[in-house]
Amino acid sequence: MHGISRRSVSGIRPQRNGRTAARQVPRRLETMHSLPSQPLLKAVLWDMDGTLVDTEPYWIAAERALVESHGGTWSHQQAMQLVGQSLLHSAAVLQAAGVRLEARDIVDTLSAQVIEQVRKEVPWRPGARELLDELHLAGIRCALVTMSEGPLAGVVVESLPKPYFEFMVTGDTVTNGKPHPEAYLTAVERLRLNDPSVTIDHCVALEDSIPGATAAIASGVVTVGIPHQVPLPEDPRMITWPTLVGRTAIDLQQLVADRFAAASLFEGAN
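Chemist: Would you mind showing me how to read the pairing of strand 1 (residues 43–46) here?
Modeler: Across a regular strand the side chains alternate sides, sitting on one face of the sheet and then on the other. Side chains of strand 1 alternate between two faces, with A43 and L45 and V44 and W46 buried alike. By the bridge criterion, four bridges tie strand 1 to strand 2 (residues 141–145) in an arrangement that is parallel. For V44, the partnering residue across the bridge sits in strand 2 and is C142. Sheet analysis places strand 1 next to strand 4 (residues 203–207), joined by four bridges and oriented parallel. Within strand 4, the position partnered with A43 by the bridge is C203.

Chemist: Honestly, the packing of helix 4 (residues 87–96) against helix 5 (residues 103–120) in this entry has me stumped. Any pointers?
Modeler: If you want to describe how two helices pack, look at the angle between their axes and the distance between the axes. The contact between helix 4 and helix 5 brings their axes to 9 Å, and the two run at 105°. With respect to each other, helix 4 and helix 5 are oriented roughly perpendicular. Of the residues in helix 5, those in contact with L87, L88, A91, L94 and Q95 of helix 4 are A103, I106, V107, L110 and S111.

Chemist: Quick question: what am I supposed to make of the packing of aromatic side chains here?
Modeler: A ring pair, where both rings are aromatic, is described by two values, the distance of the centres and the angle of the planes. Tallied over the entire structure, the rule returns one aromatic pair. With 6.5 Å between their ring centres and 85° between their planes, W46 and F165 make a pair best called edge-to-face. Taken as a pair, W46 in strand 1 and F165 in the loop between helix 7 (150–158) and strand 3 (167–169) lie far apart in primary sequence, 119 residues in all. The exposure classification of W46 matches that of F165, with both residues buried. Positioned above the aromatic ring of W241, the side-chain terminus of R247 is 4.1 Å from the ring centre.

Chemist: Looking at this structure, I do not really get helix 6 (residues 128–138). What am I missing?
Modeler: Note: α-helices contain 3.6 residues per turn, so residues at a spacing of three or four share the same orientation. The complete set of buried residues in helix 6 reads A128, L131, L132, E134, L135 and A138. Summarising the axial view, the buried residues of helix 6 lie within an arc of 165°, below the 170-degree limit, and thus occupy one face. Where helix 6 ends, the next residue or the one after it, G139, has phi of about 75°, a positive value.

Chemist: What's the story with the environment of I115 in this structure? I'm lost.
Modeler: With respect to the helices and strands, the residue I115 is situated in helix 5. Between the alpha carbons of I115 and Y58 there is a distance of 8.9 Å; along the sequence they are 57 residues apart. Beyond its immediate stretch of four places on either side in the chain, I115 contacts P151, L152 and V155.

Chemist: How should I be thinking about the side chain of K178 in this particular structure?
Modeler: For K178, the position within the fold is in the loop between strand 3 and helix 8 (182–194). K178 sits in the buried class, given a relative accessible area of 2%.

Chemist: I'm lost on the pattern of salt bridges in this one. Help?
Modeler: Pairing between side chains of opposite charge can happen when their charged atoms approach one another. Taken as a whole and assessed by the stated rule, the structure comprises 11 salt bridges. With a shortest N-O distance of 2.7 Å, E166 and R141 are connected by a salt bridge. Of this pair, E166 sits in the loop between helix 7 and strand 3 while R141 sits in strand 2; the two residues are 25 residues apart in sequence, bridging distant segments of the chain. Judged by its relative accessible area of 37%, E166 falls in the partly exposed class. Between E207 and K178 there is a salt bridge, with its nearest N and O atoms 2.6 Å apart. In this pair, E207 is assigned in strand 4 and K178 in the loop between strand 3 and helix 8, connecting sequence segments 29 residues apart. With respect to class, E207 is no different from K178; both count as buried. Taken together, the shared-partner salt bridges connect D47, K178 and E207 into one network.

Calculation criteria
Residues numbered from 1 in each chain as written. Predicted model: local features only at pLDDT ≥ 70, side-chain atom pairs only at ≥ 80, totals over all residues. Heavy atoms only, no water. Buried < 20%, exposed > 50% of the residue type's maximum accessible area, 1.4 Å probe, protein only. Helix = DSSP H or I, 4+ residues; strand = E, 2+ residues; numbered from the N terminus. Pairing = 2+ DSSP bridges. Axes fitted to C-alpha atoms, helices over the stretch in contact; angles between N-to-C directions. Parallel < 35°, antiparallel > 145°, perpendicular 65-115°, else oblique. Contact = heavy atoms within 4.5 Å. Phe/Tyr/Trp six-rings, centres within 6.5 Å; stacked < 30°, edge-to-face > 60°. Lys NZ or Arg CZ within 6 Å of the ring centre and 35° of its normal. Arc of directions from axis to C-beta. Salt bridge = Lys/Arg side-chain N within 4 Å of Asp/Glu carboxyl O.

Note that every value here comes from positions in space, so none of it alone points to a role or purpose.
Right, dumping it as structure tokens:
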């Protein structure tokens, strides 16, 4: 649950294994960008919980403590059913488990406990900060698209050494949480404010959960799934990577190129 729809995948086909020296990426991207026929990677849309940071254990601990304080029990299986769901959806499940609080109070209680733990230690996911830094050096725009609410997302972003994220779309700023595509569609529209040429085909989403991947796929952006707590089902519209470790801006650029190539083949066949 964990964020107002917290956690937060899709792609075109199996990933390529492009690798490059970290500091050389900007130059290589500049070379690709200079080719008129080369479609550009213009933005990367990051899920937070489970993709950028491993806050799931914090959420599970907070859920268990809350349920037990109301005389109930909370299993690992129950907790896994909330991965990627909206916080309000999760609050309803916790109420059914015996928590005698209003949904808003449940959300605030859980969020406060997770924020307290994140302030003590930010549990970064492997490879996430390295990829963020490379994208920043390459001049690729990044946005955070999370169903966690603003206060928690702000704590995570503020702990980063550079202004990697241009803006955040959080669970408390959208009407419909993941798996609805609203958050991703909102992010693309905000990117277009400064660059009207941006389309969903120029954007890659990074997600770890089924609701998050479903939202990204439904929005139309290129989607990459990095499963963590819960396995992701195979989907031809999603590329699955086991980890972000070693992944580069070149890898993400290739996914955008593949999207445009696939579209061209389809148009040519018709």
